[in-house]
Amino acid sequence: MKNFLLLFLLFQLMLITNYTYNSTDGCGTTGSITTNSIPTSGTIKVFVVFAQFKDDSQSSTEWPLNTYPSLANDFVSSNGSGPFAYNNLSQYYYSMSNGAYQVEGDVYNSLLITNQNESYYSSIGTANYEILTRVAADPTVDFSQYDNLNGNSFGHDGKVDFNI
């Protein structure tokens, strides 16, 4: 389940869509997007949180059950143009865009476990909302760093753009 959740969250970041999103799951996504929502060049700063469901039973050598994953600190680089110590999210976007698009970011310093079992949540959005609410209560996290966009352009609008 951890691998699925991680891949699902990565897939959400990588999508550039023409869909309309409505807030029905408590995740806080509002408004509509009718053009590409992510610029195709420049630098985006993301915030990564590793989480698992309370009843998760999957484990791997890179991510043992109930522990902070060993890959966490290398998942995204603080400099989106390298050098990259690991083939991570930053290196992927830098390479795939021929250096035109950089993803850099920070990783929350501990694993968060949901308060309920997976079946309790009506959608992944409600589980994300719970986790992000707990992170938002941490006074050491400055979310203003992750406000990169104002609409479809670079700028600030007072909203966090990307959490993974």
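It should be noted that the structure appears before, not after, this text.
Model, not experiment: these values are computed from the prediction. (Residues numbered from 1 in each chain as written. Predicted model: local features only at pLDDT ≥ 70, side-chain atom pairs only at ≥ 80, totals over all residues. Heavy atoms only, no water.)

Participant: Sorry, what's going on with the environment of A127 here?
Facilitator: As for its placement among the helices and strands, A127 is situated in helix α3 (residues 124–136). Considering only alpha carbons, one finds A127 and Q52, 75 residues apart in sequence, at a separation of 9.6 Å. (Helix = DSSP H or I, 4+ residues; strand = E, 2+ residues; numbered from the N terminus.)

Participant: Could you clarify how one ought to interpret helix α2 (residues 89–96) in this entry?
Facilitator: Residues separated by three or four positions in an α-helix point in the same direction, a consequence of the helix having 3.6 residues per turn. When α2 is considered as a whole, its buried residues turn out to be L89, S90, Q91 and Y93. Put simply, N88 is the residue that caps the front of α2, since its side-chain oxygen is 3.2 Å from the backbone nitrogen of S90. Backbone geometry just downstream of α2 places N98 in the positive-phi region, at approximately 55 degrees. (Buried < 20%, exposed > 50% of the residue type's maximum accessible area, 1.4 Å probe, protein only. Polar contact = N/O pair within 3.5 Å; in protein donor to acceptor, adjacent residues only side chain to side chain.)

Participant: What is the right way to look at the packing of aromatic side chains in this model?
Facilitator: How two aromatic rings sit relative to each other is set out by the distance from centre to centre and by the angle between their planes. According to the stated counting rule, one finds twelve aromatic pairs in the structure shown. Centroid distance Y93 to Y101: 5.6 Å. Interplanar angle 65 degrees. Geometry classified as edge-to-face. Residue Y93 is classed as buried on the basis of its relative accessible area of 12%. Y101 gets classed as buried once you look at its relative accessible area, which sits at 8%. Joined through ring pairs, the aromatic side chains of F47, Y108, F143 and Y146 make up one cluster. (Phe/Tyr/Trp six-rings, centres within 6.5 Å; stacked < 30°, edge-to-face > 60°.)

Participant: Hey, could you run me through the pattern of salt bridges in this one?
Facilitator: For side chains of opposite charge, pairing can occur when their charged atoms come near one another. Applying the stated criterion across every chain, the model contains two salt bridges. Measuring nitrogen to oxygen at the nearest pair gives 3.4 Å for the salt bridge that ties D106 to K45. Here D106, found in strand β3 (residues 101–107), pairs with K45, found in strand β1 (residues 42–48); they are 61 residues apart in sequence, far enough to count as distant. For the salt bridge of E130 with R134, the shortest nitrogen-to-oxygen distance reads 3.5 Å. Of this pair, E130 and R134 both sit in helix α3, four residues apart, roughly one helical turn. Taking relative accessible area as the criterion, R134 reaches 32% and is therefore assigned partly exposed. (Salt bridge = Lys/Arg side-chain N within 4 Å of Asp/Glu carboxyl O.)

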